[in-house]
Amino acid sequence: MDTLGDEIATARRRANLTQEELAARTGLSVRSIRNLESSRVTRPRPATVRLLRDVLGLPAHPAPARIRPMQLPLEIPGFTGRSAQLRQLDRLLDGGPRRMSSVVVCVLIGRSGIGKTALALRWAHRSAARFVDGVLHVQLGGSDPRRPAVTPTEALGGLIEALDVPGGIPCGPTARAGLYRSVLAGRRMLIVLDDARDADQVRPLLPGVPGCMVVVTSRDRLTGLVVGEAARPIVVDELAAGEAWELLAARLGERRLTAEREAVRQIIAHCAGVPRALAVVAARAAVQPRLPLAEVARQLR
């Protein structure tokens, strides 16, 4: 259960205030705020609590703690590289929701198997703590030819359910979108929309007020979002040879690769820097630990 210190710290971060800035606004010392947030002081004076609640806009009697959703799937093992793209995402977060000036939308674009989902999950897991109200994740199924893509109405129903909204889920798409955006107002959340088909599938799932960040993955360039919603495109391209080596080493072990460097070079060249292709080859070699990598490379020719 959240303590008073947790509640104060969460509200301060949501308001984008440092401890020093909150101290200046309340007239309290930085040390007092630090002690309260760290629970070193567990029974502060009532006047101090009232002052902090007034400045942070908190109710005098806090409501029951709401669920903080954390819907991210397991991070894909063996992730490697993508340092430039990770830095781009970090810059968007540092220059976006912290300023509370707009909803930040980022689109990770690239061809099938290139690692868009792996990149999104890697960054989202790494940055989740900075979104004090939680992380939502939707698999939109936009590129799966075996089944229809998730409709915006279906996706909104799942998002509203995850947000634990009392009173049930409306039937119509307009009502669902309105409720979803109303619930997100004032929250700081990350929304990961994986495998989007097109801009029309994504647009109803975007928050309506600042404070949140949305990361979308898609094979489509989603030009409509880039133009209409100022989404920031980040291209996910092939892994460099060194990064491909690291991916294989994470799954097969450095020793096995070092023993057959030329075979590994051939495997990497054949897979052309596509992480999914490298993962498939690595899986084939992993289940046959006595199979020479030279034979794996020969089978790929």
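Structure: above.
Here is a short report on the structure shown in this document. (Residues numbered from 1 in each chain as written. Predicted model: local features only at pLDDT ≥ 70, side-chain atom pairs only at ≥ 80, totals over all residues. Heavy atoms only, no water.)

## Some points on the packing of aromatic side chains
Selection criterion: What counts as a ring pair is set by centres within 6.5 Å for rings of Phe, Tyr and Trp (its six-membered ring), and what kind of pair is set by the plane angle: stacked under 30 degrees, edge-to-face over 60, tilted for all other angles. For a Lys NZ or an Arg CZ to count as sitting over a ring, it must be within 6 Å of the ring centre and within 35 degrees of the ring normal.
Counted by the stated rule, this structure contains one aromatic pair. Stacked on the ring of F131, the Lys or Arg R188 has its end atom at 6.0 Å from the ring centre.

## Some thoughts on the sheet that holds strand β2 (residues 135-139)
Note the cut-off: In this scheme, strands are said to pair when DSSP sees at least two bridges between them. To qualify as a helix, a DSSP run of H or I must reach at least 4 residues; to qualify as a strand, a run of E must reach at least 2; elements of each kind are numbered from the N terminus. In this analysis, axes come from line fits to C-alpha atoms, helices being fitted only over the stretch in contact, and the angle between any two N-to-C directions falls in the range 0 to 180 degrees. Should any heavy atoms of two residues lie within 4.5 Å, those residues are counted as being in contact.
Across the sheet, five strands lie side by side as β2-β3-β4-β1-β5; this open sheet has parallel pairing. Of all the strands in the sheet, just β2 and β5 (232-235) have a single pairing partner and so form its edges. Here the average twist between neighbouring strands, direction ignored, is 15°. Bridge analysis of strand β3 (residues 190-196) against strand β4 (residues 213-218) gives five bridges, and the strand direction is parallel. When the sheet's bridge partners are listed, L193 is paired in β4 with V216. Strand contacts of helix α6 (residues 116-127): β1 (104-109), β2, β3 and β4, with the helix running at about 160° to β4, the strand carrying the most contacts.

## Side note on the nonpolar core
To keep things clear, this is the line we draw: The definition of a nonpolar core used throughout is a set of buried Ala, Val, Leu, Ile, Met, Phe, Trp, Tyr and Cys residues joined through side-chain atoms within 4.5 Å. Per-residue accessibility, obtained with a 1.4 Å probe over protein chains only, is compared with the maximum for each type, and a residue is labelled buried under 20%, exposed over 50%, and partly exposed between these values.
One finds L193 and V216 to be the most contacted residues of the largest nonpolar core, which totals 32 residues. Taken together, the elements giving at least two residues each to this core come down to β1, β2, α7 (152-162), α8 (173-184), β3, α9 (199-202) and β4. Discounting chain neighbours no more than four positions away, the residues touching L193 are V138, L140, V202, L205, V214, V215, V216 and T217. Formed by 26 residues, the second largest nonpolar core is a distinct cluster that contains F79, V104, L121 and V236.

## Describing the packing of helix α2 (residues 19-26) against helix α3 (residues 30-37)
How we decide: Note: crossing handedness is left-handed where the near helix turns anticlockwise from the far helix by less than a right angle, and right-handed where it turns clockwise. Three classes are used, and their members are as follows: Ala, Val, Leu, Ile, Met, Phe, Trp, Tyr, Cys and Pro are nonpolar, Asp, Glu, Lys and Arg are charged, and the others, Gly among them, are polar.
At a minimum axis distance of 8 Å, the contact between α2 and α3 shows a crossing angle of 115°. You can see that α2 and α3 cross each other, and the crossing is right-handed. Only V30, I33, R34 and E37 of α3 make contact with α2, whose side of the interface consists of Q19, E20, L22, A23 and T26. A breakdown of the residues in the contact of α2 with α3 according to their chemical character gives four nonpolar, two polar and three charged.

## Description of helix α14 (residues 275-286)
Our working definition: Expected span, for any helix, means 1.5 Å times one less than how many residues it has. It is the directions from the helix axis to the C-beta atoms whose arc is reported.
Over its twelve residues, α14 extends 16 Å from the first C-alpha to the last, a length consistent with the 16 Å expected when each residue adds 1.5 Å. Regarding α14, the residues found buried are P275, L278, A279, V281, A282 and A285. Angularly, the buried residues of α14 cover 165° about the axis, an arc narrow enough to put them on a single face. Each element contacted by the buried residues of α14 is listed here: α11 (241-252), α12 (254-259), α13 (261-271) and α15 (293-300).

## What about the layout of surface pockets?
Heads up, the rule is: Points on a 1 Å grid over protein atoms alone make up a cavity when a 1.4 Å probe fits among them but cannot get out, and a pocket when they form an open set with protein on both sides within 12 Å along at least five of seven lines; lining residues each have an atom within 4 Å of a point. Grid points are joined across faces, edges and corners, and a volume is the space filled by probe spheres set on the points.
By volume, the second largest pocket amounts to about 560 Å³. If you trace the second largest pocket, you find 27 residues lining it, with I76, G115, T117, A118 and R276 closest to the centre. Put simply, the parts of the chain that give the lining of the second largest pocket at least two residues each are α6, β3, β4, α11 and α14. Take the lining of the second largest pocket: its biggest share by element is four residues, from α6. Here the lining of the second largest pocket is composed, by residue class, of ten nonpolar, ten polar and seven charged.

## Regarding the pattern of salt bridges
What counts, and what does not: When a carboxyl oxygen of Asp or Glu is within 4 Å of a side-chain nitrogen of Lys or Arg, the pair counts as a salt bridge.
Per the counting criterion, the structure on display carries 15 salt bridges. As a salt-bridge pair, R146 and D144 come within 3.0 Å of each other at their nearest N and O atoms. On the accessibility criterion, R146 (70% relative accessible area) is exposed. For the salt bridge of D144 with R147, the shortest nitrogen-to-oxygen distance reads 3.5 Å. The class for R147 is exposed, based on a relative accessible area of 54%. Here the residues in one salt-bridge network are D144, R146 and R147, joined through shared partners.

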